[in-house]
Amino acid sequence: QVQLVESGGGLVQPGGSLRLSCAASGSIFRINAMGWYRQVPGKQRELVAAIRSGGSTNYAESVKGRFTISGDNAKNTVYLQMNSLKPEDTAVYYCNADAVTSGNWYRANYWGQGTQVTVSS
């Protein structure tokens, strides 16, 4: 099994910044990709940003130029630097990992518990 622990959410004013972190632990053989999704009540969870093991990234159009995803392969950790935050960025942010577990070589998607980001004055 793989566990994901997120941190860094909170309340911030419009135009402010936050940095989210997500650390993966457990029986990890390989992490293929990690990413951040967000969800607001009544809407589907949407991809915010993702980074693959080789370093390539992709972003939702709504966050391009404002958010930056980065990773530390040695620590199995991914970060999301969020700048110029807008009220519409308010959501629960979930960390995701596409990982292969050691021993059984089972590949699956794993999710963190979510962290609330609120952008409001």
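Residues numbered from 1 in each chain as written. Predicted model: local features only at pLDDT ≥ 70, side-chain atom pairs only at ≥ 80, totals over all residues. Heavy atoms only, no water.

**Q** How should the overall build of the protein be read in this particular structure?
**A** For the protein, the count of helices and strands is zero helices and 11 strands. In sequence order, the protein lays out its α and β elements as β-β-β-β-β-β-β-β-β-β-β. What you see for the protein is a C-alpha radius of gyration of 14 Å, in line with the 14 Å of a compact globule of 121 residues. For the protein, the spread of C-alpha atoms along the principal axes amounts to about 50 × 25 × 20 Å. Taking all 121 residues of the protein together, the buried fraction comes to 42%. In the protein, once contacts between residues fewer than 6 apart in sequence are set aside, the share between residues at least 24 apart is 55%. By element, 48% of the accessible surface of the protein is carried by carbon and sulfur atoms, the whole surface being about 6,400 Å². (Helix = DSSP H or I, 4+ residues; strand = E, 2+ residues; numbered from the N terminus. Rg over C-alpha atoms; globule rule 2.2 N^0.38 Å. Buried < 20%, exposed > 50% of the residue type's maximum accessible area, 1.4 Å probe, protein only. Contact = heavy atoms within 4.5 Å. Areas by Shrake-Rupley, 256 points an atom, 1.4 Å probe, with all protein chains shown as cover.)

**Q** I tried to follow the nonpolar core on my own but got confused; where do I start?
**A** Nonpolar side chains in soluble globular proteins generally cluster together in the buried interior. Core analysis: the biggest nonpolar cluster contains 31 residues, and Leu4, Met34, Trp36, Leu80, Met82 and Tyr93 have the highest contact counts within it. The dominant element in this core, judged by the number of residues it contributes, is strand β9 (residues 91-101), at five residues. Setting aside residues up to four positions removed in sequence, Met82 forms contacts with Gly16, Ser17, Leu18, Leu20, Arg66, Phe67, Tyr93 and Val117. (Core = buried A, V, L, I, M, F, W, Y, C linked by side-chain atoms within 4.5 Å.)

**Q** Got a minute to help me understand the pattern of salt bridges in this structure?
**A** Pairing is possible between side chains that carry opposite charge, provided their charged atoms lie close to one another. Counted under the stated rule, the structure contains five salt bridges. Between Glu46 and Arg38 there is a salt bridge, and its shortest N-O distance comes to 2.7 Å. For Glu46, a relative accessible area of 37% corresponds to the partly exposed category. Among the salt bridges present, the one from Asp89 reaches Arg38, with a minimum N-O distance of 3.0 Å. Highlighted residues: Asp89 in the loop between β8 (77-82) and β9 and Arg38 in strand β4 (residues 28-39), separated in sequence by 51 residues. The same class applies to Asp89 as to Arg38, namely buried. Among the ionic contacts, a cluster of salt bridges with common partners joins Arg38, Glu46, Arg66 and Asp89. (Salt bridge = Lys/Arg side-chain N within 4 Å of Asp/Glu carboxyl O.)

**Q** I would appreciate a short explanation of the sheet that holds strand β1 (residues 2-7) in the present structure.
**A** Across the sheet, four strands lie side by side as β1-β3-β8-β7; this open sheet has antiparallel pairing. The open sheet has two edge strands with one neighbour each: β1 and β7 (67-72). Between one strand axis and the next, the sheet turns by 15° as a mean value, whatever way the strands run. Sheet analysis places β1 next to strand β3 (residues 18-26), joined by six bridges and oriented antiparallel. Residue pairing in the sheet places Gln3 in a bridge with Ser25 of β3. (Pairing = 2+ DSSP bridges. Axes fitted to C-alpha atoms, helices over the stretch in contact; angles between N-to-C directions.)

Geometry only, nothing functional implied.
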